[in-house]
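What follows is the residue order along each chain.
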Amino acid sequence: MNRTSTQIFIALPVMDERENLPGFMECLRRQSFQDFELYICVNQPEDWWSLKEKRHVCEDNKSSLEYLNSLNDLKLEIIDRSSIGNGWKGKKKGVGWARKIPMDRIAEMATPSDIIVSIDADTAFEPEYLKSLVEFFHGNKNAVAIAIPYYHKLTGDDEKDRNILRYEIYMRYYAINLWRINNPYAFTAIGSAIALPVKSYKTIGGITPHNSGEDFYFLQKLRKFGQIATWNREKVYPEARFSDRVGFGTGPAMIRGRAGDWSGYPIFPYPLFDEIKKTYNLFDDLFEKDVPTPMDEFNGMKFGDVSIWQPLRINSKTKKQFIKACTHKIDAFRIIQFLKWENTKLQQSDEENLIDFFNHHYSELIPTFSFEREKLNFAKSPIEELNEIRNLLLSIEEKYQKSNANKSK
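Right, let's walk through the structure included here. Since this is a predicted model, take the numbers as computed values, not measurements.

1. A short note on the overall build of the protein
For the protein, the helix and strand inventory stands at 16 helices and nine strands. Taking 2.2 N^0.38 as the reference for a compact globule, 409 residues should give roughly 22 Å; the C-alpha atoms of the protein span a radius of gyration of 22 Å, in line with that estimate. The principal-axis extent of the C-alpha atoms belonging to the protein is close to 60 × 55 × 45 Å. Evaluated residue by residue, the protein yields a buried proportion of 55% over its 409 residues. Expressed as a percentage of contacts within the protein between residues at least 6 apart in sequence, the contacts between residues at least 24 apart total 77%. A distance of 6 Å separates the average location of the 57 positive side-chain charges in the protein from that of its 57 negative side-chain charges.

2. Observations concerning the pairing of strand S3 (residues 76-81)
With six bridges connecting them, strand S2 (residues 36-43) and S3 associate as parallel partners. Opposite leucine 38, over in S3, you have leucine 76 as the bridge partner.

3. Let's talk about the side chain of arginine 99
Mapped onto the elements, arginine 99 comes out in helix H3 (residues 95-109). By relative accessible area, arginine 99 is classed as buried at 5%.

4. Some remarks on the packing of helix H15 (residues 350-361) against helix H16 (residues 383-403)
Relative orientation of the contacting elements H15 and H16 amounts to 45°, with a least axis distance of 14 Å. In terms of orientation, H15 lies oblique with respect to H16. In this structure, H15 crosses over H16, and the sense of that crossing is left-handed. For the pair H15 and H16, contact is made by Leu354, Phe357 and Phe358 and by Ile389, Leu392, Leu393 and Ile396, respectively. Across the contact of H15 with H16, the residue classes tally to seven nonpolar, no polar and no charged.

5. Focus: the packing of aromatic side chains
Between two aromatic rings, the relevant description is the distance of the centres plus the angle of the planes. Following the criterion strictly, the structure yields 26 aromatic pairs and no others. With 5.0 Å between their ring centres and 75° between their planes, tyrosine 173 and phenylalanine 357 make a pair best called edge-to-face. Separated by 184 residues along the polypeptide, tyrosine 173 in helix H5 (residues 158-180) and phenylalanine 357 in helix H15 bring together distant segments of the chain. The burial state of tyrosine 173 is the same as that of phenylalanine 357; both residues are buried. Taken together, a centroid distance of 5.9 Å and an interplanar angle of 55° make the contact between phenylalanine 298 and tryptophan 341 tilted. Taken together, the residues span a long stretch of sequence, with phenylalanine 298 in helix H11 (residues 296-303) and tryptophan 341 in helix H14 (residues 332-343) at a distance of 43 residues. On the basis of relative accessibility, which here comes to 1%, the residue phenylalanine 298 falls in the buried class.

6. Points about the sheet that holds strand S1 (residues 8-14)
Strands sit in the order S3-S2-S1-S4-S7-S6-S8 across an open sheet of seven strands; the sheet is mixed. The sheet is open, and its two borders are formed by S3 and strand S8 (227-229), each paired with just one other strand. Sheet twist, expressed as the mean angle between neighbouring strand axes with direction ignored, is 20°. Taken together, the three bridges between strand S6 (residues 143-147) and S8 define a ladder with parallel strand orientation. Its bridge partner being in S8, alanine 145 is matched across the sheet by isoleucine 228. This element, helix H4 (residues 129-139), spans S1, S2, strand S4 (115-118), S6, strand S7 (194-197) and S8 of the sheet and lies at about 150° to S6.

What counts, and at which threshold
- Residues numbered from 1 in each chain as written.
- Predicted model: local features only at pLDDT ≥ 70, side-chain atom pairs only at ≥ 80, totals over all residues.
- Heavy atoms only, no water.
- Helix = DSSP H or I, 4+ residues; strand = E, 2+ residues; numbered from the N terminus.
- Rg over C-alpha atoms; globule rule 2.2 N^0.38 Å.
- Buried < 20%, exposed > 50% of the residue type's maximum accessible area, 1.4 Å probe, protein only.
- Contact = heavy atoms within 4.5 Å.
- Lys, Arg positive; Asp, Glu negative; His and termini not counted.
- Charge placed at Lys NZ, Arg CZ, Asp CG, Glu CD.
- Pairing = 2+ DSSP bridges.
- Axes fitted to C-alpha atoms, helices over the stretch in contact; angles between N-to-C directions.
- Parallel < 35°, antiparallel > 145°, perpendicular 65-115°, else oblique.
- Left-handed = near helix turned anticlockwise from the far one by under 90°.
- Nonpolar A, V, L, I, M, F, W, Y, C, P; charged D, E, K, R; others polar.
- Phe/Tyr/Trp six-rings, centres within 6.5 Å; stacked < 30°, edge-to-face > 60°.

So yeah, pure geometry; function would need other evidence.
Listed below in structure tokens is the structure:
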């Protein structure tokens, strides 16, 4: 290509999204920045055509393809992994592949400075959204990617709103505690809220197509390469809905939450994050010799040996290289594993852990709450009170995001 201007390429996986596509396309039509192309992968496993309980997804995808092919006012490329004979076969299936195939296609033909935007069909965004991303990357040359701010708008459906608020409280609480301990993996992975230059995508070898959680592993991979930004002047607004299309994430969390099971998304006791910080702070000392760390028992269980540091010392010529290797070893995945492992030993409820956190770190904000702290109950407290907690966490997280914005410039 001989272009000098930045172009945006949008990667959109579609499965059972026919009702959401018109609204999504309308968001695109309203964009002030119109130099974009849309790559859509309509997908589902081939054998779903023969499964009675999945046939409705296939028919919905068929309708989506008909709708997309009828559009003539948007520049788009349709990748059909849904029609009979075109569906996923074998192990190559799922949202990971539905993101990877359009992203790989984009990377083949776009320029290094062009921008890949990962998004979902149930996500809304304002008219300045794409323009804000172009401006962001022009002003943040050190950013290898951005985990874009998000917000779930309430629906008026008590069941949906209660569950999405509980899930968002979990996500924001988790991110805030990583910010608080100055951890390099302080970002939230949402597949509909990621953007990156094509050169970043190519440098890391693209997205790894996990069946679910592909956004988490993608951002972790990018973070090991460079700086991930987390602040942008525009947000995305994913829909709150019950969905089992992936193994974990928003939809499955809401389904399990509706049944009363939030065990996969606990409000971890804040002191556990401090144990991670203590471990990271010992990386300097570990370059010289093994010293006890708060994560030794976990490391012994997970890696089969408490002394995981010696191989990193052998392969590191300098302390800086060693610390980087340690940060890659105890990465975002190991952090969440450690937190869940330690959390099983403790007895406090999610509500008690949240209240302890506010008492210890943000006691001055507690009087602004409308709820009585001793009566906080995620399953029973009024939606208005849960929304107030969500919005308070949002305001705390945004302060961290803005204060760290200069790192990517």
